[in-house]
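Here are the chains, one letter per residue:
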Amino acid sequence: MLSILQLIESPGEVKGGSAIYCDQDQCTDLLSLSEKQIASYRGNKIGMIYQQALAAFNPVQKIGRQLTEAIKTHNAKSAENKNHLRNLLSKVEIKNPDRVIDSYSHQLSGGQLQRCMIAMAIINSPNILIADEPTTGLDVITQKSVLQLLHSLKSKLNMSMIFISHDLGVIAEMADSVVVMKDGVIVERGKTLDIFANPKSNYTKALLLARPNITSKSKRLPTFDDLENDVDINSDLFKPIELQSILERQKVLLNNSNLLEVRDLSKSYVVEKGLFGKPSSQVQAVKNINLDLKCGEVLGIVGESGSGKSTLASLILNLESADKGSVSFKGQNIFLLDKKEMRTLRKDIQIIFQDVGGALDPKMKTSSSIDIALRIHYPSMDKKQRRDKIISLLKQVGLTEKHVDRYPHELSGGERQRVCIARAISLQPQLLVCDECVSALDVSVQAQILNLLLDLRDDLDLSMIFISHDLSVINFMCDRILIMKSGKIVEQGYPQDILQNPQEEYTRKLLAAIPSF
Amino acid sequence: MIGLKKIWAFRKGKWALGIISFFLVIALFADFIANEKPIYCKYNGEIYFPVLHEYGEGLGLLGNYEFLNNKSWQELQLEEAIFPIIKFSSGNIDQNSSAYSRPSSSFENGFQTKKHWLGSDSIGRDVAAGIVQGTRKTLSIAFFAMLISCLIGFVFGVLSGFFGDRSVRMNLWAFIGLMFFIILIWFQWSYNHWSFGLALIATFVLISAVFFLSPRLGGRQFYLPLDLIIMRMIEVFKSVPALFILLALLAIISKPNIFTLIVIIGILRWSTIARVLRAELLRLKENKFITSAKAIGSTDKQIIVNHLLPNALPSLLTVIAFGFAGTILLEASISFLGIGLSAEEVTWGSILSEARNNFSAWWLAVFPGAAIFLMVVACNYLGDTLNEINLRSN
Amino acid sequence: MLSYFVKRILLFFPSIFLIGAFTFLLFNATPTDSVASLLRLDGFEEKVISEKLYKSQYKKIASELGLDLPKFYFAFVPRYYPDTLHRIIDKQERKQIVDLLSHHNDWAAVSSFIYQGEVRLQSTETKETKKLITDLLWVVKPDDLDTKLISAMGTLTSPEVSTFLDQAQIVSQQKTSWFIFPKFLWFGTSNQYHAWISNFFSGSLGRSVQDGRPVWGKISKALGWTLSLVVLGLSFTILISVPLGIWSARNGNSRMVRLLSNFFYFIYAMPLFWFATLMVVFFTTAHYGNWTNIFPGVGINPYAGDESTVSKILANANQLILPVFCIVLNSIAYLSSIVRNSIIAESNQAYKTTALLKGLTEKATFWKHLFPNALLPLVTIIVGAVPASLAGSLIIEVIFNIPGIGRLMFDSIFGNDWYVIFSIVMLVGVVTVISYLIGDLLYSYLNPRIRFDQAKKV
C-alpha cells in the first residue's frame, strides 16, 4: 500500500503499473507524479494510518505541534488555532484534548496514540483513508472503539477507506468489499457478504474455517493443508461437539484430584524508584489469586495485556518469586523447595511462549535445544538414545528428521513453536503452561498448533493452563475459563456458561468487543 | 563461534586477517628476520646455528660459543653463512655506519656487506630491525593487557549483567559481620601480622561459610546490589583520564618493564568490556529462551555457558578487536612520549619519537608510524567485520 | 526530571571524592622527596649547611605542606600504636618506630627506649659510644636487637647508659600476639587528604620543585594555550563534520561519499602522533624542496616582557594553524561518521513515514524532524569529547612545543615535579567528571523521553 503513495524505500522499487486517483473529473496516475506533486496528495487527499502508533510520532515534539504541522503543510496561511485542534481531537473521541496537545508520544496510551494518528490523517478531510492494520496490537475493547470511530468518521467525512487487516472479523465489520491477498497476489475479490458466505479459493476458505468459533466447539480445526489435500471437512471431526459430551467430560474432570492449587498469590513490581532507591510507586501485577487445576484439565485464562496473566504464569513456574501466597503442585508448595528440589520438579511443569522468535537460542540447532533439556533430567541416556528420542519427539509434533539440524532462523514461525512444544514435552511434564502460544501465528498455522496441543493432551495425559487474549481460541481449547483484569480474577466458570451468559460487566464488554462474522 | 572462514568472506576481513597474520609471523620469527647473527654458518669446518643457539643460551642450557672470544660475528671470516634478511639486532649500535643512514644504504663491515633497508637512527641503530623486534613487544603488550582487561571485565560484566541487583541474597547481619571480619583480616595483613596467603585463605573460608549459612539463617534478607556497585565503579573508571593517569603512574614507577606496563594498561581498560558484556547480557536476559532454559531446570552456570556467552561473544569480540587497536595506540603513544619502556627497549613508538629530533630523516617518521597504522587499521577492520557478522546474524 | 537531576548531581560528589582519593594515593606513592627539592631551590643544600639548620628548615617546609598531618579523616591502627605517629615527618624515622612497635607491641616501652637513646646521644661525649647507641636505636631488623645488645653491653658500662640499656633489654624481647585488635582514630578535617582537596579548589596547589613558582600560576598560564587548542579544534571539527555527515547520509551510496568515507576511515585510524609527526617532518622545513615549507616551524616565538597569555596566543596564532589542523582532521572522521549514522538511524524510524504522509516533502521531513532528533545524541558526544581532546592535545603540545597543560605535564614528569603532575591529573579528572555531568544533564533536558517520567500517563 505504501507504493501507492511512493513511499517504498530503496532497494524496493515499483516495477510498473499505475495507481489512478480520480477527483471529480480529473484523473491522475499517482505513480507518475514528481516528489512535490505527490507530497501535495499525501495527508491532503489521501490519509494513512498504520499500526505501532508509538513509533509513528516524533518522540521529541509535542503531539499538538505535529498535528499543526499537518495542517500547515497544505494550508500555509491557516493560523495556529488551538480550538481547531481541540475540536479535531474531540472528533476522534479523545477526552482531554488540551492535555494531549501538550504531551509527548511516550506519555500517551496506545489507544490514545492511535486516535491521534487518525486525527492527523483526517485533519485535512482526505478523500481516501488507508488504514494498514490500524488496530493490531490494541486490546479487544480498545480495538472495538477505534473501529467504531473509523466507521463513523468514514460516513461523517464521506471518505473512501482502504482497510488492511489479517483479522477476518475486523474486515467483516468494516469492509463493503474485500480483496484477499496471498504472497503478493490477489487470490479472490468480491463483496464482503459474498466472500464470507461463499468463498471460492481454498486459501479464503481456510482463513474462514481455521478460526475457532466462539459459539461452538469442534474436535479439530480444518487447516489450509486439509483443504489442499481434500480432507473431508464436513466429517464429524470438524463438526461442533454436542453439549452433552462437553458436560460429560467436565463431570469426569470434576472428580479428578487437584494437580495445582494456587492460594492468595500476589506480586507487585516497582515502577519507579525514589531518590534513595526506595520504591515510590508500584504496580500490583497479581492480586490475591486463588485457583485450582484438576488432573487432565485445560484451564483457560483470558485477559487483556497488562492484566497480569503472564506474571501469573511465571509465578506458577517459580520463575519469579511471589510477594505472598503459595503455589502447590501435587500438594507440595513449590516456593518452599530448595534450588535442587525445584530443578527436579521443573520436569513436571513446562511452559511455551508467544514469542516464537525469542524462545529458541539463535545459536543452537533444534537438536541441541532439546538435547540440553534431556541431558539435565535424563543423565543416564547416551548420545545415540537422546538423538533417537529427539527425532521421535519432532515426529510427534509434526516435524521431520530434516528439522533436526536446523537453526531457528531457518525455521518458520509454526515450526519454531513446534520445536518449543517438542522441547517442553521431551521432559514428559504433567502440566503445560501455554502463554499466548498461538497469538503471533497466522490463522492457519494457529489451527495446526491448536490441533497438535489437543492431540498431545490426549496422548500424554497433559493438564494445561492456556493463557490467551482471544476468547474463541480459549473456547476451542479449554474446559474451564478464568477471566482476569488488572491482576484479579473477575469471573470463572465453564465456557458454555460464561460465553453464553456472562455475569460480570467486564466479561460482557469483552464479549461484545470481539469482531465476528 | 565465529570461524575465520566467516571473517575471510568479507573484503575488510581478508585485509585484517592478512595484516594481523603478517605481523604475527614477524613477531614469532623476529629473531630469524632481524639478527646480527647468522641463521646458519660454517666456521673452521664446523656447522653452527647461532640464532637457535641463542634460545639455548636464553634457557641456560647452552653456553656462549667459545671461538667468538668477545668478537662480533662481523669480525669472523665465515666459510659459509646464511644471514637473516636484516643483518642487525634492534638494540645493536653500529659504529661503522654513520648515524641517520638513508634507507637501503649499504656499507662494508668486516667481512660482509650490510644494508640498512629502512635506514638508521641517530646512533646508528637499524630501523627495520627495530620495527621487527618492536612488533613482538607491541603485540605481546597488547595481547596480555587485553587478556587482563578481558578477565576483569568478564567477571564484573557477568556479576552486574547476569546477577544484577536482585539475585544475590543474604542475611543483613551476616553481611555486616562478614564485612567487619574481612576488614579485620586484612588489617592483620596490612600490619604484617599475617601473611598474604593466610589472609587470603581466611577471607575465602569466611565468605564460603557465610554464603553457606546465610540461606539457613532466615531473618532480614538483603540483596547485594552488585550491579549498582559495579556500575559506579565503571563510571568512576570512565571519568578517569586514562592517558594522564597512565603517565602519572609510569612517572612514579620511573622504570617500568613490560610486565608492569601490561598490568597497568590491562587494569585501565577493563571497563569497556565490562560495560558491553553487561549491556549484552541484560539484552539477552530479556529473551524467552533464557526463561525457557530456566524452565527446563538449567542452573545459572549452564545458562551462562550454554546460552548467554555464545550469544554475547560476537559483540564481545568486536569490542576486543577495537580494544586491541586502542591498546596498541596507547602503548605507542607513551613510548612516543618517551615515558614508557626504558630507552634501550626499541618499540614502534620510540623509533617514531626520534623523528622529532631530525626532520630530514623522514624514514624515522614514515616506517614505524606505518607499522602502527597498519596494525590499527587491521584491528579496526577486524572489529568492523565482526560487527557486520553480528548484525547480519541478528 | 528534577529527581533525575538531583540524583545525577549527587553522584558528582562521590566521583570527585574518589578521583581526589586516587590522585592523593598516587601522590603519596611518589618516590622522590619534594621537600628536599624545595629546600635545594631555596638554597639549603643538605651537605652545605649544618644538620640542625637543615632539619629545622626541613621541618618548617614539611609542616607548611601539611606533611605532619594525618593522611585521612580517620585511621584504623593497632591498639598499641600512639595516636600521633603522623607527626613524625621523616619517613625512615617513622619506619623505625613502626618496625620496633611490631616487634614489641608496647608503645610505652618503645617510646621510652627511643627517648632514653636520644637523651644519651645528646649528652655522651665519645664517638664510639654514640655510634653504638645509634646502632641500637637504628637497628635494621628489630629481631637482631638482642644479639646487638649483648655485644654492646660489653663496651657500654657507664651507669648513665644503664637505664637506656634496660629499656633496650625490654624492647629487644619479642612481644606480639597472633591477632591484633585495631583502634579507631578520628582526626577530623585537619588531615592531608582534606587539605589536598580543599587546596585544589581554592587554587593553592603548592610550589613547583623545578622553579619554585606557584603551581597554580604555572597551570593557569598553560591552560590558555590548551583551551585555545581544544576550543579551536572542537569548533572547527563541529563546523566541518556536521555538514559532512549530513551530506554523506543524504547521498547514501554515491561514489564521492564512499571515496571520502574511506579516506576519513584511514585518517581516523592514523595515530594522531604519527600524523602530526609526518606533518612536522614534511611540511615545516625546506628539506624536501621549497614547496613543502608551508607551515612555520614548531615552537612558540620568543616574547618579551610580561604580556598576558591572551596576547601571546594572538601573537602566535599562525603557530597554532598546523596543530589545530592535525586535531581537526583526525576528529572529523569520527564525528562525521557519528552524525551520519545518527541521521540514518533516525530515518529508519516510523515517524519519518508519518511526516511524509502528512505531505511534507523529503527535504522538509529531514530538516524539521530527522535532523533535530539526530543531533540529540551528539550533545553528549560533543561534551564528552572535551576530556578526550585534552589527551589528544597533550601529544600535539609535545610535538609542536606549545606550552600548554600537556607540555607542562610532560616536562614535570621528567623533573619529578609531583605537585604539578598531580594537580594536572586532578584538574583533568575534574574537567572530565564535569563534562560528563553537563552532557548527561543537557541530554536529559533536551530529550523529553527522560525529562518526563514514563510511568505518569496522561
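Since the structure is predicted, the reported quantities are computational estimates derived from the model, not experimental observations. (Residues numbered from 1 in each chain as written. Chains lettered and ligands numbered in written order. Predicted model: local features only at pLDDT ≥ 70, side-chain atom pairs only at ≥ 80, totals over all residues.)

(A) Quick look at the interface of chain B and chain C. The partner chain C presents 44 residues to the 38 residues of chain B that form the contact. Mapped by element, the contributors of at least two residues to the side of chain B that touches chain C are helix 6 (172-190), helix 8 (226-238), helix 9 (242-253), helix 13 (300-337) and helix 15 (362-393) of chain B. Residues belonging to the side of chain B that touches chain C are distributed by class as follows: 27 nonpolar, 9 polar and 2 charged. (Contact = placed C-beta atoms within 7 Å. Helix = DSSP H or I, 4+ residues; strand = E, 2+ residues; numbered from the N terminus. Nonpolar A, V, L, I, M, F, W, Y, C, P; charged D, E, K, R; others polar.)

(B) The arrangement of the sheet that holds strand 4 (residues 128-132) of chain A in detail. Residues and elements named next belong to chain A. Within the open sheet, the 3 strands sit side by side as 3-4-5. Their pairing is parallel. Each end of this open sheet is capped by a strand with a single partner; those strands are strand 3 (46-50) and strand 5 (160-164). Recorded for the sheet is a direction-independent mean angle of 15° between the axes of neighbouring strands. (Pairing = 2+ DSSP bridges. Axes fitted to C-alpha atoms, helices over the stretch in contact; angles between N-to-C directions.)

(C) Representation of the domain arrangement of chain C within the structure. Its domain assignment divides chain C into domain 1 (37-202) and domain 2 (215-446). Look at where the C-alpha atoms of domain 1 of chain C and domain 2 of chain C centre, and you get two points 53 Å apart. (Domains from an automatic or database assignment.)

(D) Just the interface of chain B and chain A, in detail. Contacts between the two partners involve 14 residues from chain B and, on the opposite side, 20 residues from chain A. If you list the elements that add at least two residues to the side of chain B that touches chain A, you get helix 12 (288-295) and helix 13 of chain B. Here the side of chain B that touches chain A gets 6 residues from one element, more than from any other, and that element is helix 12 of chain B. The class makeup of the residues in the side of chain B that touches chain A is 4 nonpolar, 8 polar and 2 charged.

(E) Looking closely at the sheet that holds strand 2 (residues 46-48) of chain B. Residues and elements named next belong to chain B. Overall, antiparallel pairing links the 3 strands, which are arranged 2-1-3 in an open sheet. The outermost strands of the open sheet, each flanked by one partner alone, are strand 2 and strand 3 (80-82). Pairwise comparison of adjacent strand axes, ignoring direction, gives a mean angle of 20° for this sheet. Summarising the sheet, strand 1 (residues 40-43) and strand 2 pair through 3 bridges and their orientation is antiparallel. When the sheet's bridge partners are listed, Tyr 43 is paired in strand 2 with Glu 46.

(F) Seen up close, the confidence of the model for chain C. Residue and element names in this part refer to chain C. Taken as a whole, chain C shows an average pLDDT of 83; of its residues, 92% reach a score of 70 or greater. Counted against residues more than four places away or in other chains, residues 453-458, with its pLDDT under 50, gives 14 contacts. Here the prediction assigns the complex a pTM of 0.84, and the interface score ipTM is 0.84. (pLDDT = per-residue confidence, 0-100.)

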